[in-house]
Amino acid sequence: MYNHCIWTWFAPIHPSWSPQSTQCANSNIHPILAAYVADFPEQCLVGCNKESHCPRCLVQSQDHGDIEECVCRSMVDTLKTLWWMRRNKQSKKFDKEGLRPVFDPFWKDLPFTDIFTCITPNIPHQLHKGIFHDHLVQWCLGIIDEKEMDACFQAVGQYPGLHHFKKGISAVSQWTGMEHKDMETVFVGLLSGVASDNVLVMARSLLDFIYYTRFQQHMDKTLTAMQESLNLFHVRKDILIELGICDHFNVPKIHLLVHYVTSIQALSSADGYNTEYPERLHIDYAKDAYQASNKCDYIEQMALWLQRQEAFHHKTAYHAWKQLKQSASMDTIHGSSGGAMSRTKQVWYSEHGR
């Protein structure tokens, strides 16, 4: 169902359709799919692979903790493997590559597109929540207990622009992206004096990597420093196994760090396809709609509420356009159409844009 819906969305640029041109300053252009912004579960859904495997390359699950970048997935090979599985109902290659039985992915006939290189990094879920909160913070809680960690956050002095966790962090049940960033700002300083030097270097290398990914512009120098931070983490990460904090690093989100530099080189800085920006739509299309329901069988009520909001928006825009049209007619009648823009037009343009 998901692939059918997305295929319908991309139908205008599908070869089976007559491609729609977009007017450009120089000439007509034909849009193509260049980047697909999604969280990790959706990335695996797009790549037709299980969530225990990488959606971009063919690395095995037991090698996710290694820094070497594996061979990238190929659209041609993937489609052949899916076709063979559909025909014979079994395939060793299908199981080895961790594929799902999705035999008609939406991207199979898209022109000039390699879906596996289109998958972009996801800073909020992979780095802030995944690498930092779910892994680095939990590793450090294995070194210092929760009460001591809370005391360290409470002891941070108040300073303009610096978030003060006056109750610590253990009492927080749901974290926001901004709170993750605030924690990252002071985290290395909190560990100083309570963790060994090797743990400090390991933590700082991961945080350096996260900060580099947030750059809005990159040069060869910054990408080199970013890669060196990742290399340093892999050199020092074994201290966690020695301390008994964890047994392995075969985690998909740790492996995905390997692809960040390559993605930035191909698609520009990760800030350009940061999923933090559409996160705001969760409030408009999910939270507000849920609050408008009676909290029982809410999905149908949410859909109906959104449909009514859209109808209200279209009706409001129509009345504004009609008012503008009537005002223009009156200006023409009174001979003022050639003068300055009327007040009604200015208000309408300010509210609805040109």
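Counting restarts for each chain: residues are numbered from 1 in the order of the written sequence. In view of the model being predicted, local features appear only for residues whose pLDDT reaches at least 70, and side-chain atom pairs are presented and counted only at 80 or more, with totals across whole chains, interfaces and linings using the full set of residues. Note that the side-chain values use all heavy atoms of the structure and ignore hydrogens as well as water.

**Points about the overall build of the chain**
Then, in step 1: Each helix and strand in the chain was counted, giving 17 helices and 2 strands.
Then, in step 2: Under the scheme applied here, a residue whose accessible area is under 20% of the maximum for its type counts as buried, over 50% as exposed, and between as partly exposed, the area being computed with a 1.4 Å probe on protein chains only. Within the span of the chain, comprising 354 residues, buried residues form 38% of the whole.
Then, in step 3: Taking the intrachain contacts of the chain between residues at least 6 apart in sequence as the baseline, contacts between residues at least 24 apart amount to 62%.
Then, in step 4: Only the protein chains shown count as cover for residues, with accessible areas throughout obtained via the Shrake-Rupley method and a probe of 1.4 Å. Within the structure as shown, the chain displays about 21,000 Å² of accessible surface, and the carbon and sulfur contribution to it stands at 54%. Strands are runs of DSSP state E lasting at least 2 residues, helices are runs of H or I lasting at least 4, and numbering of each runs from the N terminus. Should any heavy atoms of two residues lie within 4.5 Å, those residues are counted as being in contact.

**As for the packing of helix 8 (residues 177-191) against helix 9 (residues 197-213)**
Then, in step 1: Here, axes are lines fitted to C-alpha atoms. For helices the fit covers the stretch in contact, and angles between N-to-C directions go from 0 to 180 degrees. Running from amino to carboxyl end, helix 8 crosses helix 9 at an angle of 155 degrees, the nearest separation of the two axes being 10 Å. On the basis of the axis angle, helix 8 is roughly antiparallel to helix 9. The handedness of the crossing between helix 8 and helix 9 comes out as left-handed. Contacts between helix 8 and helix 9 involve Lys 181, Glu 184, Thr 185, Phe 187, Val 188 and Leu 191 from the former and Leu 200, Ala 203, Arg 204, Leu 207, Ile 210 and Tyr 211 from the latter.
Then, in step 2: By residue class, the composition of the contact of helix 8 with helix 9 is 8 nonpolar, 1 polar and 3 charged. Each angle is binned into one of four classes, with values under 35 degrees roughly parallel, values over 145 roughly antiparallel, values of 65 to 115 roughly perpendicular, and all other values oblique. Crossings are classed by handedness, with left-handed meaning an anticlockwise turn of the near helix from the far one by less than a right angle and right-handed meaning a clockwise turn. Here the term charged refers only to Asp, Glu, Lys and Arg, the term nonpolar to Ala, Val, Leu, Ile, Met, Phe, Trp, Tyr, Cys and Pro, and the term polar to all other amino acids, Gly among them.

**Overview of helix 13 (residues 260-267)**
Think of an α-helix as turning once every 3.6 residues; residues three or four places apart then point the same way.
Then, in step 1: Of all the positions in helix 13, only Tyr 260, Val 261, Ser 263 and Ile 264 are classed as buried. Down the axis, helix 13 shows its buried residues gathered within 160 degrees of arc, on one side only. Along helix 13, exposed side chains directed more than 90 degrees from the buried face belong to Gln 265 and Ala 266.
Then, in step 2: Those residues of helix 13 that are buried lie in contact with helix 6 (123-141), helix 9 and helix 10 (220-236). The arc under discussion is defined with respect to the helix axis, by the directions toward the C-beta atoms.

**A closer look at the environment of Val 199**
Then, in step 1: In this fold, Val 199 is placed in helix 9.
Then, in step 2: Residue Val 199 is classed as buried on the basis of its relative accessible area, which comes to 1%.
Then, in step 3: Ignoring any residue separated from it by four or fewer positions in sequence, one finds Val 199 in contact with Ile 143, Ile 239 and Leu 243.

**Some points on the environment of Pro 41**
Then, in step 1: If you trace the backbone, Pro 41 turns up in helix 2 (residues 40-47).
Then, in step 2: For the pair Pro 41 and Glu 51, spaced 10 residues apart in the sequence, the C-alpha separation amounts to 6.5 Å.

**Description of the pattern of salt bridges**
Then, in step 1: Salt bridge, as used here, is a side-chain nitrogen of Lys or Arg placed within 4 Å of a carboxyl oxygen of Asp or Glu. Under the definition given, this model contains 6 salt bridges.
Then, in step 2: Here Arg 100 and Glu 51 are joined by a salt bridge, their closest N and O atoms 3.9 Å apart. Note that Arg 100 is positioned in the loop between helix 4 (92-96) and helix 5 (115-118) and Glu 51 in the loop between helix 2 and helix 3 (75-88), a separation of 49 residues in sequence.
Then, in step 3: Overall, the relative accessible area of 38% leaves Glu 51 in the partly exposed class.

**With respect to the nonpolar core**
Then, in step 1: Ranked by size, the top nonpolar core spans 46 residues in total, and within it Leu 136, Trp 139, Phe 153 and Phe 187 carry the most contacts.
Then, in step 2: When residues of this core are traced back to their parent elements, those giving at least two are helix 6, helix 7 (146-155), helix 8, helix 9, helix 10, helix 11 (238-242) and helix 13.
Then, in step 3: In this structure Trp 139 touches Met 202, Leu 206, Phe 233, Leu 240, Ile 245, Cys 246, Phe 249 and Ile 254, once residues within four positions along its chain are discounted.
Then, in step 4: What we call a nonpolar core is a set of buried Ala, Val, Leu, Ile, Met, Phe, Trp, Tyr and Cys residues that are connected through their side-chain atoms within 4.5 Å. Ranked by size, the runner-up nonpolar core spans 20 residues in total, among them Tyr 36, Cys 48, Met 85 and Phe 106.

**A word on the side chain of His 135**
Then, in step 1: When you line up the elements, His 135 lands in helix 6.
Then, in step 2: Beyond its immediate sequence surroundings of up to four residues, His 135 is in contact with Gly 130 and Val 251.

**Description of the environment of Leu 232**
Then, in step 1: Note on placement: Leu 232 falls in helix 10.
Then, in step 2: Owing to a relative accessible area of 29%, Leu 232 belongs among the partly exposed residues under this scheme.
Then, in step 3: When the C-alpha atoms of Leu 232 and Met 202 are compared, they prove to be 7.2 Å apart, with 30 residues separating the residues in sequence.
Then, in step 4: Residues in contact with Leu 232, not counting those within four places in the same chain, are Val 201 and Ser 205.

**What to know about the confidence of the model for the chain**
Then, in step 1: With 89% of its residues at a pLDDT of 70 or more, the chain has an overall mean of 84.
Then, in step 2: Scored between 0 and 100, pLDDT is the confidence that the predictor attaches to each residue. Per-element mean pLDDT across the chain ranges from 54 in helix 17 (residues 343-352) up to 94 in helix 10.
Then, in step 3: For residues 336-340, every residue scores under 50 in pLDDT, and the model assigns this stretch 3 contacts once sequence neighbours within four places are set aside.

**Here's the deal with the packing of helix 6 against helix 8**
When two helices pack together, their arrangement is given by the angle between the helix axes and the distance between those axes.
Then, in step 1: Contact geometry of helix 6 with helix 8 gives a least axis separation of 11 Å together with a crossing angle of 30 degrees. The angle between the axes of helix 6 and helix 8 places the two elements in the roughly parallel class. When you trace helix 6 past helix 8, the crossing you get is left-handed. On helix 8, the residues that touch His 128, Lys 129, Phe 132, His 133, Leu 136, Val 137 and Cys 140 of helix 6 are His 180, Lys 181, Met 183, Glu 184, Phe 187 and Leu 191.
Then, in step 2: Among the residues making up the contact of helix 6 with helix 8, the classes are represented as 7 nonpolar, 3 polar and 3 charged.

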